[in-house]
Amino acid sequence: MFTLINLPYAPDALAPVISAQTLSFHHGKHLQGYVNNLNNLLPGSPFEGMELEVIVRKADGALFNNAGQILNHNLYFTQFQAPKADNAPAGNLAAQIEKQWGSFEAFQKEFEAKGAGLFGSGWVWLSASPDGMLQISQEAGAHNPVEKGLVPLLTFDVWEHAYYLDYQNRRPDHLKALWNIVNWDEVERRYTTRG
Ligand code: MN
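Now for a quick tour of the structure.

### So, the overall build of the protein
Then, in step 1: When helices and strands are counted, the protein shows 8 helices and 3 strands.
Then, in step 2: The N-to-C order of helical and strand elements in the protein reads α-α-α-α-α-β-β-β-α-α-α.
Then, in step 3: The C-alpha atoms of the protein give a radius of gyration of 16 Å, which matches the 16 Å a tight globule of 195 residues would have.
Then, in step 4: C-alpha extents for the protein along the principal axes are approximately 50 × 40 × 30 Å.

Have a look at this one:
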């Protein structure tokens, strides 16, 4: 039995980047819907009692879609904090980003372009291989880098439900604004504890 995660901030904490209204639909309706669907699908299936990541790696069809969306949203909602000026990573992750992209700005540019350029619904991800190398990838639908043996670190949801109430069709503006609310301590924690 899976349960809806609690948000680690107040419902209006991410405004104006993500409004309380968007958060209430996205977390309270969309994510809750995936949780309900998965709980209805699991009894009697080969995946009953398995961990979420295992289901995502092994299932297909509706079981995969709902498990994938729960894993994706759990990582998404727990990577944010209230808006902060000059928000940027520090520590090992910042050093690795500079090593691979030359600068944090160059990294942001590629991440935004891959999010804006993803056709249809999906997610843009920063993930790490076990040796610490980083990569940005586009994942359609409910897919997650764990399916490729990577450790997911940061993700921007480009399903329209993530931004349409606040930004309508302006997906690139939404993606640019999200940098202000990334909790880089949490992303760094995911990077440091990978494996
Ligand atoms: Mn979503």
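### Thoughts on the coordination of the manganese ion
Then, in step 1: Looking at the metal site, the manganese ion is ligated by His 26 (NE2), His 73 (NE2), Asp 157 (OD) and His 161 (NE2), spaced 2.0 to 2.1 Å from it.
Then, in step 2: Read in sequence order, the donor residues for the manganese ion give the motif H-x46-H-x83-D-x3-H. Note on accessibility: Asp 157 and His 161 belong to one class, buried.

### Structural notes on helix 8 (residues 184-192)
Then, in step 1: Listed in full, the buried residues belonging to helix 8 are Trp 184, Glu 186, Val 187, Glu 188, Arg 190 and Tyr 191.
Then, in step 2: Buried residues along helix 8 sit against helix 3 (61-77), helix 4 (91-101), helix 5 (104-116), strand 1 (122-128), strand 2 (134-140) and strand 3 (151-157).

### Considering the pattern of salt bridges
Then, in step 1: Under the definition given, this model contains 7 salt bridges.
Then, in step 2: Across the pair Glu 112 and Lys 176 runs a salt bridge whose closest N-O atoms are separated by 3.1 Å. Residue Glu 112 is located in helix 5, and its partner Lys 176 is located in helix 7 (residues 171-178); the two are separated by 64 residues in the primary sequence.
Then, in step 3: The buried category is assigned to Glu 112, whose relative accessible area is 13%.
Then, in step 4: In this structure Lys 176 comes out as exposed when scored by relative accessible area, which is 52%.
Then, in step 5: Of the charged contacts in the structure, one is a salt bridge between Glu 186 and Arg 190, with a shortest N-O distance of 2.9 Å. With a gap of 4 residues between them, Glu 186 and Arg 190 both fall in helix 8, about one helical turn apart.
Then, in step 6: Judged by relative accessible area, Arg 190 falls into the buried class, the value being 6%.

### Quick look at the packing of aromatic side chains
Then, in step 1: In this structure the tally under the stated criterion is 15 aromatic pairs.
Then, in step 2: We note Arg 194 situated over the ring of Tyr 191; from NZ or CZ to the ring centre the distance is 4.6 Å.

### Comments concerning unusual backbone geometry
Then, in step 1: Here the amide bond leading from Ala 15 into Pro 16 is cis, since omega sits at 5 degrees, within 30 degrees of zero.
Then, in step 2: When you line up the elements, Pro 16 lands in the segment before helix 1 (20-41).
Then, in step 3: Residue Asp 86 is not a glycine yet carries a positive backbone phi of 50 degrees.
Then, in step 4: Within the fold, Asp 86 resides in the loop between helix 3 and helix 4.
Then, in step 5: Backbone geometry places Gln 168, a non-glycine residue, at a positive phi of 50 degrees.
Then, in step 6: Relative to the helices and strands, Gln 168 is located in the loop between helix 6 (164-167) and helix 7.

Conventions adopted
- Residues numbered from 1 in each chain as written.
- Predicted model: local features only at pLDDT ≥ 70, side-chain atom pairs only at ≥ 80, totals over all residues.
- Heavy atoms only, no water.
- Helix = DSSP H or I, 4+ residues; strand = E, 2+ residues; numbered from the N terminus.
- Rg over C-alpha atoms; globule rule 2.2 N^0.38 Å.
- Donors = N, O, S within 2.8 Å, 3.2 Å for Na, K, Ca; no water.
- Buried < 20%, exposed > 50% of the residue type's maximum accessible area, 1.4 Å probe, protein only.
- Contact = heavy atoms within 4.5 Å.
- Salt bridge = Lys/Arg side-chain N within 4 Å of Asp/Glu carboxyl O.
- Phe/Tyr/Trp six-rings, centres within 6.5 Å; stacked < 30°, edge-to-face > 60°.
- Lys NZ or Arg CZ within 6 Å of the ring centre and 35° of its normal.

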